[in-house]
Amino acid sequence: MSTLVVGTEMLSQVTVIIVTFNSAHCLPALGKALTQLPHVIVVDNGSDDNCATQTPAHLPQAQVLALPANWGFGAANNRALAQVQTPFALLLNPDCEITPQAVEQLLRTAAQWPEVAMVAPQLLQANGQPEVNYRWPHLLWHSRGPAVTEGPACVGFVCGAAMLLRMSAYQGQFFDEQFFLYYEDDDLCTRLFKQRQAMIIDPAATATHRSRGSVRGRSPLRSEYLRGYHHAQSKLIYARKYQSTTAARQQQRKLLWQTVLALPLRLLAYNPRLLARMWGRLQGVRHWKPL
């Protein structure tokens, strides 16, 4: 039987963890959404927009961990997870808005199935359309069929933008810090899947995900460059970890040629942000070396 407290004390059973990087513009919405959540940890990855110093004005209940530099998404989450004293932790992107009612629904689902390691809400786009933020491990087979609409369902992967973790299921082993940005959620879910730890998507709980809206800062083109760079690097790290070094090298060559051939087209259809991201991907592919 679950020991989860119900009613007004339910939200005290979860700690919300938010990793910020030049995300000060997200703080007002987060402050309104999380006002009823008593336990919040904000880890700031060395922002240059005063995000860490502005956080208390919007989230006065939050513990702020201000890192001296950008340590990466997984590493920052790990620092916060080490501080959690509640039975559950809700990892939430700065550009993701969730209501207290949705958090309660996630907790009720976790209580209903005490063997479940992770519960995730249905993500919605800014226009209210649902995202498919879940699937089976793509290295095993491609997901097919309709989206989940009627009730909780077991899945093999959920997007890291919003996920409720049952702390006792992880034994202190959370994100692999060799993934600086991207694929850290793939890696975590793949490990859970291999350990036969259950993950659930519950469409009764929703969260609005303003994708790619968490980072602004003084240099948006550099941010796009780094997105492309780290996505390429993490994709290859994941391939090496779960396939082989040979498979990762093959994927590296494929990505290199795909990017080189696509660059002239991107130049013709000139979009500075997309061009910066593609250039970052090219450099990420070129610079990757297996350990």
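Residues numbered from 1 in each chain as written. Predicted model: local features only at pLDDT ≥ 70, side-chain atom pairs only at ≥ 80, totals over all residues. Heavy atoms only, no water.

## Section: the packing of helix α5 (residues 184-194) against helix α6 (residues 220-242)
Close contact between α5 and α6 brings their axes to 11 Å; oriented N to C, the two are set at 20 degrees. Relative to α6, α5 is oriented roughly parallel. Handedness of the α5/α6 crossing: right-handed. Packed against α5, whose contacting residues are Asp186, Asp187, Thr190, Arg191 and Lys194, the element α6 presents Tyr238, Lys241 and Tyr242 at the interface. (Axes fitted to C-alpha atoms, helices over the stretch in contact; angles between N-to-C directions. Helix = DSSP H or I, 4+ residues; strand = E, 2+ residues; numbered from the N terminus. Parallel < 35°, antiparallel > 145°, perpendicular 65-115°, else oblique. Left-handed = near helix turned anticlockwise from the far one by under 90°. Contact = heavy atoms within 4.5 Å.)

## Digging into the state of the cysteines
Counting across every chain of the model gives zero disulfides. There is no disulfide at Cys26, and the cysteine sulfur nearest it, in Cys51, is 7.9 Å away. The class for Cys51 is buried, based on a relative accessible area of 1%. (Disulfide = S-S within 2.5 Å. Buried < 20%, exposed > 50% of the residue type's maximum accessible area, 1.4 Å probe, protein only.)

## Digging into the pairing of strand β2 (residues 40-45)
By the criterion of burial, β2 is predominantly enclosed, with six of the six residues buried. Burial along β2 is two-sided: the face carrying Val40, Val42 and Asp44 and the face carrying Ile41, Val43 and Asn45 are both buried. By the bridge criterion, five bridges tie strand β1 (residues 14-20) to β2 in an arrangement that is parallel. Paired with Ile17 across the strands is Ile41, a residue of β2. (Pairing = 2+ DSSP bridges.)

## Some details on the pattern of salt bridges
Evaluated as defined, the whole model comprises nine salt bridges. Arg277 is the salt-bridge partner of Glu224, the closest N and O atoms lying 2.8 Å from each other. One end of the pair, Glu224, is in helix α6; the other, Arg277, is in helix α8 (residues 272-287), and 53 residues separate them in sequence. Arg277 gets classed as partly exposed once you look at its relative accessible area, which sits at 23%. Among the ionic contacts, a cluster of salt bridges with common partners joins Asp176, Asp187, Arg191 and Lys241. (Salt bridge = Lys/Arg side-chain N within 4 Å of Asp/Glu carboxyl O.)

## Quick word on the nonpolar core
If you look at the biggest cluster of nonpolar residues, it comprises 35 residues, and the most contacted ones within it are Ile18, Leu34, Leu92, Ile98 and Leu164. Sort the elements by how many residues they give to this core and helix α4 (residues 100-112) lands first, with five residues. In this structure, Ile98 is in contact with Ala33, Leu34, Leu90, Leu92, Val103, Leu106, Pro121, Thr206 and Ala207, ignoring residues within four places of it in sequence. In terms of nonpolar packing, the next biggest core, distinct from the first, is built from 33 residues, Ile41, Met118, Cys189 and Ile201 among them. (Core = buried A, V, L, I, M, F, W, Y, C linked by side-chain atoms within 4.5 Å.)

## Thoughts on helix α3 (residues 73-81)
An α-helical segment advances 3.6 residues per turn. Residues three or four places apart therefore align on the same side. Burial analysis of α3 places eight of its nine residues in the buried class, the great majority of the element. Contacts made by the buried residues of α3 are with β1, β2, β3 (62-67), β4 (88-92), β10 (162-166) and α5.

## Brief notes about the packing of α6 against α8
For the pair α6 and α8, the least separation of the axes is 6 Å and the interaxial angle reads 35 degrees. Our pair here, α6 against α8, has a crossing hand that is right-handed. From α6, Pro220, Leu221, Glu224, Tyr225, Arg227, Gly228, Tyr229, Ala232, Gln233 and Leu236 reach across to α8, where they touch Pro272, Arg273, Ala276, Arg277, Trp279, Gly280, Arg281, Gln283, Gly284, Val285 and His287. By residue class, the composition of the contact of α6 with α8 is 10 nonpolar, six polar and five charged. (Nonpolar A, V, L, I, M, F, W, Y, C, P; charged D, E, K, R; others polar.)

## As for the environment of Ala52
With respect to the helices and strands, the residue Ala52 is situated in helix α2 (residues 51-58). Exposure remark for Ala52: the relative accessible area of 18% places this residue in the buried category. Along the sequence, Ala52 and Ala24 sit 28 residues apart, while their C-alpha atoms lie 8.0 Å from each other. If near-sequence neighbours (up to four positions away) are discounted, Ala52 is found in contact with Asp44, Val64 and Ala66.

## With respect to the packing of aromatic side chains
One pass over the structure, following the stated rule, counts six aromatic pairs. An angle of 25 degrees between the planes, with centres 6.2 Å apart, marks the rings of Tyr225 and Tyr229 as stacked. Here Tyr225 pairs with Tyr229, and both are found in helix α6, just four residues apart, close to one helical turn. Classification of Tyr225 as partly exposed rests on a relative accessible area of 22%. Tyr229 gets classed as buried once you look at its relative accessible area, which sits at 17%. Aromatic rings pair up to connect Tyr183, Tyr238 and Tyr242 into one cluster. The ring of Phe157 has Arg135 sitting right over it, with the charged end atom 4.0 Å from the ring centre. (Phe/Tyr/Trp six-rings, centres within 6.5 Å; stacked < 30°, edge-to-face > 60°. Lys NZ or Arg CZ within 6 Å of the ring centre and 35° of its normal.)

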